[in-house]
Amino acid sequence: MVRPNKDFIVLPRGSEGVDEFLSFLARFTGLNVDTQVIWTSGVTECMHQEVDDVIVSSLMAMVDSRPDEGFVLIPYTFTPSFVQWSQPLAQHPQVRVLGDNFEWRAIFSSKGILHRHMKSLDVPSRVELIDASIPVPQGFICSDTEDLVRAYQTIGHQDVIVKPCRTSSGLGIVFLHSLEEVLAYSFPYGDVAIEEKLDLDYVVRSNGSTEEISPAIHYMGPNIMGHFLVDQVLEGVVYSGNQPTSLDALRQEEVMTHAVSLVRGMGPSGPGGFDFLMAQGRPYLVDINVGRFNGSLVPKLFFGCFFNQHINLKWLYWIEHSTPTEHIETVWERLESEGIALQDEGADSYGVFPIRYVRDVTWAFIAIGRSDEEVRKLKEVTKEAFHLHA
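Residues numbered from 1 in each chain as written. Predicted model: local features only at pLDDT ≥ 70, side-chain atom pairs only at ≥ 80, totals over all residues. Heavy atoms only, no water.

Trainee: Provide a residue-level description of the packing of helix α3 (residues 53–64) against helix α4 (residues 80–90), including the pertinent values.
Mentor: Two elements in contact, α3 and α4, have axes whose closest approach is 10 Å; the angle formed by their N-to-C orientations is 20°. Between α3 and α4, the angle falls in the class roughly parallel. When you trace α3 past α4, the crossing you get is right-handed. Counted together, Val56, Leu59, Met60 and Val63 of α3 and Trp85, Pro88 and Leu89 of α4 form the full contact between these two elements. Class assignment of the residues belonging to the contact of α3 with α4 gives a composition of 7 nonpolar, no polar and no charged. (Axes fitted to C-alpha atoms, helices over the stretch in contact; angles between N-to-C directions. Helix = DSSP H or I, 4+ residues; strand = E, 2+ residues; numbered from the N terminus. Parallel < 35°, antiparallel > 145°, perpendicular 65-115°, else oblique. Left-handed = near helix turned anticlockwise from the far one by under 90°. Contact = heavy atoms within 4.5 Å. Nonpolar A, V, L, I, M, F, W, Y, C, P; charged D, E, K, R; others polar.)

Structure, rendered in structure tokens:
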């Protein structure tokens, strides 16, 4: 998404996997590694802590060299280090910072906005205050065992789900099935939401598998991103990608309406998204992913940059949870040998692209095609080519 000879990116030096993927991407996008990439030392894992006066001066010089252009500074999320080093740029008249500040995130970037707290049941949740018509599972926010027991008894269902308020990608989510299990819960991640276990709706895929329907929608500042919804791909409670939604037009419009209400009520300045689950024909808001980029935004941005004018094309994004060991060029050669390497053919574009790949760390793919069945088939062929469990 870094436009050739236009944008700049700051990356950590010293990662062989990052270097390999960057060289691979440069071949396809026209990115000039010598002039568009600014390197940190790569000594620490937190890149924001490595941006020094020299790097900031380089960025300022780039801005000053283009006095007739505007720039947007885009962090993954706001951190204290980022706020500190970005101050000179944030104060520059040509620069706008895309993101939500600490005060906004303290209010909204938690599942705590979904429900009333067990200690203050007379205080409406943030979601209620924004739009009381948005369905959420019956649930409460809890800070200790006493809260959790009272909430469990109030919900009145044997099976409940407990979700830490400030984790993502399914981390720490557990199902509890008895009062004894509730009493044993130790709050390893702090405050939690405890919710009824919904009677979920499922879709039967072409291969005969059944999947819960989990539509997701994303935004950038005040604008909803993308012209269609996607369903999350879940492995248990762990996020593993997105695929074309199975919702009909009426239900899609219902989810869109709820998302627009949330964005208007929250007033974000940066990226984020909302996750829903379908239960008995209704979309229930179940998670808030705000104040930062999340996994679903990357494929939507990729599709928007390269294929947005072809609204009939479909895409499917998935994360592989195994560790990639091959060089990215070897991966691409294998996709080519299978006849599924992504080809940009306008409205007839077809194939698979490694949208994220760092050898020995992580990999993820996007499939582009003309129908839902086509992109799902591309995923199956990719998994077979790399001997991955489908």
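This is not the end of the story, as more comes after the structure.
Trainee: Outline the nonpolar core, listing residues and values.
Mentor: Buried together is how nonpolar side chains tend to be arranged in soluble globular proteins. Core analysis: the largest hydrophobic core is formed by 37 residues, its most contacted members being Leu335, Val352, Phe365, Ile368 and Phe386. Every element with two or more residues in this core is listed here: α1 (16–29), α10 (297–307), β16 (314–320), α11 (328–337), β17 (351–358), β18 (362–369) and α12 (372–385). With 6 residues, the top contributor of residues to this core is β18. With residues up to four places along the chain from it excluded, the contact list for Leu335 reads Ile340, Ala341, Val352, Pro354, Phe365, Thr382 and Phe386. Of all hydrophobic cores here, the second largest spans 23 residues; its members include Val127, Ile213, Tyr219 and Val290. (Core = buried A, V, L, I, M, F, W, Y, C linked by side-chain atoms within 4.5 Å. Buried < 20%, exposed > 50% of the residue type's maximum accessible area, 1.4 Å probe, protein only.)

Trainee: Give a description of helix α9 (residues 249–266) that names residues and reports values.
Mentor: For α9, with 18 residues, the first-to-last C-alpha span of 26 Å sits near the 26 Å given by 1.5 Å per residue. Among the residues of α9, Val255, His258, Ala259, Leu262, Val263 and Met266 are the ones counted as buried. The buried residues of α9 occupy an angular sector of 135° when the element is viewed end-on, so they sit on one face. Counted as exposed and oriented over 90 degrees from the buried face of α9: Ala249, Leu250 and Arg264. Taking the backbone nitrogen of Leu250 as reference, a side-chain oxygen 3.2 Å away marks Asp248 as the first, capping residue of α9. Following α9 by one or two positions, Gly267 adopts a phi angle in the positive range, close to 65°. (Expected span 1.5 Å × (residues − 1). Arc of directions from axis to C-beta. Polar contact = N/O pair within 3.5 Å; in protein donor to acceptor, adjacent residues only side chain to side chain.)

Any link to function would need more than the numbers given here.
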